[in-house]
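# What the coordinates show
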Amino acid sequence: MPADLKCKIAGVEFANPIMTASGCAGYGEELAQIYPLSNLGALVTKSISLKVRPGHPPPRTVETPGGLLNAIGLANVGIDRFLKEKVPFLEKQKTKVIVNVAGSTIDEYVEVCSRLNDCSCADMIELNISCPNVNEGGIEFGTSPKLTEKTVAAARKVFKRPIIAKLAPNVTSIAEIANAAEQGGADALSIINSVIGTAVDIDSWQPLLTNINGGLTGPAIKPIALAMVSSVYRKCNLPIIGIGGITDYKDVIEYLLYGATAVQVGTALFVDPSAPLKIVKDLKKYLKEKKLKSVTELIGKVRR
Amino acid sequence: MTKPTCEDTLVVKKRDLKNDYYSLVLAPFSQAKSIQPGQFVHIRLPSTDIYFRRAFSVASVSPVKEEVEIIFKVFGRGTKILGKLCKGNSLDLLGPLGVPFSFPNKKERAVIVAGGVGFPPLMFLAEKMIEKGHNPKQIEFFYGGRSKAELVELSRLKKMGIKLHLSTDDGSAGTKGLVIGPVEQYLKKHLKEKIKLFGCGPEKMLKAVDELGLKYDIKGQLAIEALMPCGVGICLGCVVPLKAGGFARVCCDGPVFEIGVVNIAC
Ligand SMILES: Cc1cc2nc3c(=O)[nH]c(=O)nc-3n(C[C@H](O)[C@H](O)[C@H](O)COP(=O)(O)OP(=O)(O)OC[C@H]3O[C@@H](n4cnc5c(N)ncnc54)[C@H](O)[C@@H]3O)c2cc1C
Ligand SMILES: Cc1cc2nc3c(=O)[nH]c(=O)nc-3n(C[C@H](O)[C@H](O)[C@H](O)COP(=O)(O)O)c2cc1C
Ligand code: FES
């Protein structure tokens, strides 16, 4: 019998535990040109804000050893155009859709979440309270336990389906923030968003990103993210979606062993848009070799 | 447009074009026949030190042999590795990507402006135009570089029967100075004719071609370069500002844009 890759988070069932990370697959249209999105556990959209955001001027990315520094600036079409232009496409896809939401005030989060509550295509929302790329809001929400709880609670009131809180790594204690999100009514946690970083040109002495600071992602951050998943798994009861530097099935297994129920693949999609397909295939093979019936048997099974 | 695919190809031919320029012919690539001039392939480097792909314009294709040719100059870490590859080495290719040039109609004169390593997609364009029945004498190919050694594949371009106009910064071949000088002179002399402009090269050159197009009211297209983490439109890392405001992705809204659209920075 083939191994079962299905997993469940807050009552929502996913065909497999592999999702795309927010901001790394747009609204799904480009990937759908390459393969059917039904291959994914879920598609997580780019962060949606109340208003259109053009994003930061280029250069927006710098390649670093084993990673990418980005300062895209939450460029997105805004909730109006998202509902009008992107949802009709997403509704047709045979995959779960998680809409990532960003805001610079709690009111903005509430407005976007309430509009999404009426959009059945959003199976879940993921609150981005952790983006390092906007000067206002964003990461501030995610670095204060109080604001985290308040933001999640405000979204909870208007969005009736499951809510995921996406946490920032740039905090003293991520478990404390995780517990605050649970208090606010979150159903699951995404761990982690990108890590703040920067880089300078040694000839011009100018920062390489127009925005100066950016978010570091890719294989370089995997050990950091894994440690955070492990820490939250032990101190908080919510299911975890592990994110950071996942390139192949081995990375996924590490995350599951440390307590993640599912994972998101971000930067690796830039190198190979089909990475999730390969991961799913290899994951099946691994489960078979290890004589496991279900991928869920790996969750939290690290031998300490 | 054809779907991009990701395939392992082999280096079937390598030519040293001197002065750090190389040509690699890669095969088999199942989509070779559908690649149009201006489109590019995204190449994964056979090195664990370099994570992201590098984009290369397609310089020619052989549909029958499923071959794709790229021409590059060793510039940094990625191209250094490509320059060391040998026949038989394998390379992972993602493509075809990007919006191609639109062919001018046969009555129009094509004024092509190539700067340095920007010439490969334009050579491909000229070749395809001729294949489609365009008179080679109606193709004015301006090719500029720093010095004579920086102008490569000259005999190949000459063989095409196009009108080749060379220029070098140091005067070691063709007209001395920037390529844009002779282009403007040519345009001024032929203002009554139907002309389409095409350009690819350094930003300063592209900006100058853009300005010429607007000044003399000549339509045309420019192929633009940007750092491309993904090449398929999902990262938003490759954007350029538009004159009308906002940004466009170079990898999938371009790399070919109409003259007058992009706010070219330099
Ligand atoms: C559409 C398009 C077509 C091109 N066609 C050609 C061609 O026909 N011939 C040719 O010679 N070159 C072409 N280039 C340029 C080529 O892709 C290489 O980027 C260039 O040659 C330098 O690569 P490198 O690795 O040698 O240099 P590096 O020294 O590695 O790169 C220079 C700098 O850019 C950064 N960088 C490079 N690529 C990326 C990336 N994807 N994401 C983030 N940062 C990055 C590096 O970190 C470094 O700071 C094209 C580029 C584009 C976008
Ligand atoms: C170019 C880029 C854009 C991103 N945009 C967003 C975003 O809009 N919202 C968000 O919550 N996370 C965003 N992220 C963070 C990713 O979702 C993910 O948390 C991070 O990249 C770590 O995973 P990775 O190492 O697999 O890329 C972005 C990441 C990258 C590289
Ligand atoms: S390179 Fe990623 S969107 Fe263009």
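These remarks concern the structure in this document.

Analysis parameters
Here, residues in each chain are numbered from 1, in the same order as that chain's written sequence. Here chains are named by letter from A upward and ligands by number from 1 upward, in the order in which they appear as written. Reporting of local features is limited, given that this is a predicted model, to residues whose pLDDT is at least 70; pairs of side-chain atoms are given and counted only at 80 or more, and all residues count toward the totals for whole chains, interfaces and linings. Side-chain measures here rest on the full set of heavy atoms in the structure, leaving out hydrogens and waters. Under the DSSP-based scheme used, a helix requires at least four consecutive residues in state H or I and a strand at least two consecutive residues in state E, with every element numbered from the N terminus. Within these notes, the globule rule equals 2.2 Å times the number of residues to the 0.38 power, and the radius of gyration is based on C-alpha atoms. Throughout this description, buried means an accessible area under 20% of the type-specific maximum (1.4 Å probe, protein chains only), exposed means over 50%, and partly exposed covers the range between. We call two residues in contact when some of their heavy atoms are within 4.5 Å. Here the accessible surface of atoms and residues is derived via Shrake-Rupley with a 1.4 Å probe, and residues count as covered only by protein chains that are part of the display. For this count, His and the chain ends are skipped, Lys and Arg are scored as positive, and Asp and Glu as negative. Just so you know, the charge point we use is NZ for Lys, CZ for Arg, CG for Asp and CD for Glu. Computed with a 1.4 Å rolling probe, the buried area is the accessible surface lost when two parts are put together, summed over both parts. In the sections that follow, a salt bridge refers to a side-chain nitrogen of Lys or Arg positioned within 4 Å of a carboxyl oxygen of Asp or Glu. Between N or O atoms, a polar contact is any pair within 3.5 Å; within protein, one atom must be a potential hydrogen donor and the other a potential acceptor, and residues adjacent in sequence are included only when both atoms are from side chains. In this classification, the charged set is Asp, Glu, Lys and Arg, the nonpolar set is Ala, Val, Leu, Ile, Met, Phe, Trp, Tyr, Cys and Pro, and all remaining amino acids, among them Gly, are polar. For two strands to be treated as a pair, DSSP must find no fewer than two bridges joining them. For helices, the fitted axis covers only the stretch in contact; all axes are lines through C-alpha atoms, and the angles between them, taken along N-to-C directions, range from 0 to 180 degrees. If you view a crossover with the strands going away from you and the path from the first strand over the helix to the second runs clockwise, you call it right-handed. We call a residue near a molecule or strand whenever a single non-hydrogen atom of that residue lies within 4 Å of it. Reported domain spans reflect what an automatic or database domain assignment gives.

## Examining the overall build of chain B
A tally of helices and strands in chain B yields five helices and 16 strands. For 266 residues, the compact-globule formula gives about 18 Å, and the C-alpha radius of gyration of chain B, at 18 Å, lands near that figure. If one aligns the C-alpha atoms of chain B with their principal axes, the spans along those axes are about 50 × 40 × 35 Å. Every one of the 266 residues in chain B was classed for burial, and the buried ones make up 56%.

## A word on the overall build of chain A
Each helix and strand in chain A was counted, giving ten helices and 14 strands. For 304 residues, the compact-globule formula gives about 19 Å, and the C-alpha radius of gyration of chain A, at 18 Å, lands near that figure. A principal-axis box enclosing the C-alpha atoms of chain A has dimensions of 55 × 50 × 40 Å. Out of the 304 residues belonging to chain A, those deemed buried represent 60%. Residue pairs at least 24 apart in sequence account for 72% of intrachain contacts in chain A once pairs closer than 6 positions are excluded. Here chain A has roughly 12,200 Å² of accessible surface; of this, 53% comes from carbon and sulfur atoms. Across chain A, the centroid of the 35 positively charged side chains sits 6 Å from that of the 29 negatively charged ones.

## Remarks on the interface of chain A and chain B
It is common to give the size of an interface as the accessible area that goes away when the parts come together. Taken residue by residue, the interface counts 30 residues in chain A and 24 residues in chain B. In total, about 2,300 Å² of surface goes out of reach between chain A and chain B, with carbon and sulfur atoms giving 64% of it. Three residues stand out in chain A for area buried against chain B, namely Glu63(A), Phe270(A) and Val271(A), and they jointly supply 29% of the buried area on that side. Linking chain A with chain B are three salt bridges. Of the charged contacts in the structure, one is a salt bridge between Glu30(A) and Arg249(B), with a shortest N-O distance of 2.8 Å. Inspection of the chain A/chain B interface yields six residue pairs in polar contact (both at pLDDT 80 or more). When contributions to the side of chain A that touches chain B are tallied by element, the ones reaching two or more residues are helix H1 (29-34), strand S5 (61-64), strand S6 (67-70) and helix H9 (268-271) of chain A. In terms of residue class, the side of chain A that touches chain B is built from 16 nonpolar, nine polar and five charged.

## Topic: the environment of Arg234(A)
Along the polypeptide, Arg234(A) turns up in helix H7 (residues 222-235). Accessibility expressed as a relative area gives 53% for Arg234(A), which makes it exposed.

## Examining the sheet that holds strand S12 (residues 195-200) of chain B
Working definition: the strands of a sheet are paired by backbone hydrogen bonds and lie parallel or antiparallel to each other. Residues and elements named next belong to chain B. Here seven strands make up an open sheet; going across it, the order is S11-S10-S9-S8-S12-S13-S16 and the pairing mixed. Two strands in the sheet have a free side with no partner beyond their single neighbour: strand S11 (175-176) and strand S16 (256-258). The pairing of strand S8 (residues 109-115) with S12 spans six bridges and is classified as parallel. Bridge pairing links Ile 112 to Phe 198 in S12. Strands S8, strand S9 (139-145), strand S10 (163-168), S11 and S12 of the sheet are contacted by helix H4 (residues 180-189), whose axis makes an angle of about 170° with S8. Across the sheet, helix H5 (residues 203-215) lies against S8, S12 and strand S13 (220-223), angled at about 165° from S12, the strand it touches most.

## Examining the sheet that holds strand S5 (residues 60-62) of chain B
Residues and elements named next belong to chain B. Read across the open sheet, the seven strands follow the order S4-S3-S7-S1-S2-S6-S5; overall the sheet is antiparallel. In this open sheet, the two edge strands, each paired with only one partner strand, are strand S4 (54-57) and S5. Between one strand axis and the next, the sheet turns through 35° on average, direction left out of account. Strand direction decides the pairing type here: strand S1 (residues 5-16) and strand S7 (residues 90-97), joined by six bridges, are antiparallel. Looking at the pairing, Cys 6 lines up with Leu 94 of S7. Contacting S4, S5 and strand S6 (67-73), helix H2 (residues 119-131) crosses the sheet at an angle of about 55° to S5.

## Details of the pairing of strand S8 (residues 124-128) of chain A
Residue and element names in this part refer to chain A. Of all five residues making up S8, five are buried, and the element is well covered by its neighbours. Alternating residues of S8 divide into Met 124, Glu 126 and Asn 128 and Ile 125 and Leu 127, and every residue in both groups is buried. Alignment of strand S7 (residues 96-101) against S8, held across four bridges, turns out to be parallel. Residue Ile 98 lies in a different strand from S8, and its bridge partner there is Met 124. Note on the crossover from S7 through helix H3 (residues 106-117) to S8: the handedness is right-handed. Of the strand pairs in this sheet, S8 and strand S9 (residues 163-167) are connected by four bridges, and their pairing is parallel. Opposite Glu 126, over in S9, you have Ile 164 as the bridge partner.

## What about the site of ligand 1?
With respect to spatial proximity, 22 residues lie near ligand 1, and among them Arg54(B), Ala55(B), Gly78(B), Thr79(B) and Met228(B) are the closest. The environment around ligand 1 is built from residues contributed by chains A and B. Taking Gly76(B), its main chain carries an N or O atom lying 2.9 Å from an oxygen atom of ligand 1. Between ligand 1 and Gly78(B), the relevant distance is 2.7 Å, taken from an oxygen atom to a main-chain nitrogen or oxygen of the residue. Against a free-state accessible area of 940 Å², the protein chains account for coverage of 85% of ligand 1. Those elements that provide at least two residues to the shell around ligand 1 are S4, S6 and helix H1 (77-84) of chain B. Looking at which element gives the most residues to the shell around ligand 1, the answer is S4(B), with four residues. Counting the residues that make up the shell around ligand 1, at least three belong to each of domain 1 (5-97) and domain 2 (109-258) of chain B.

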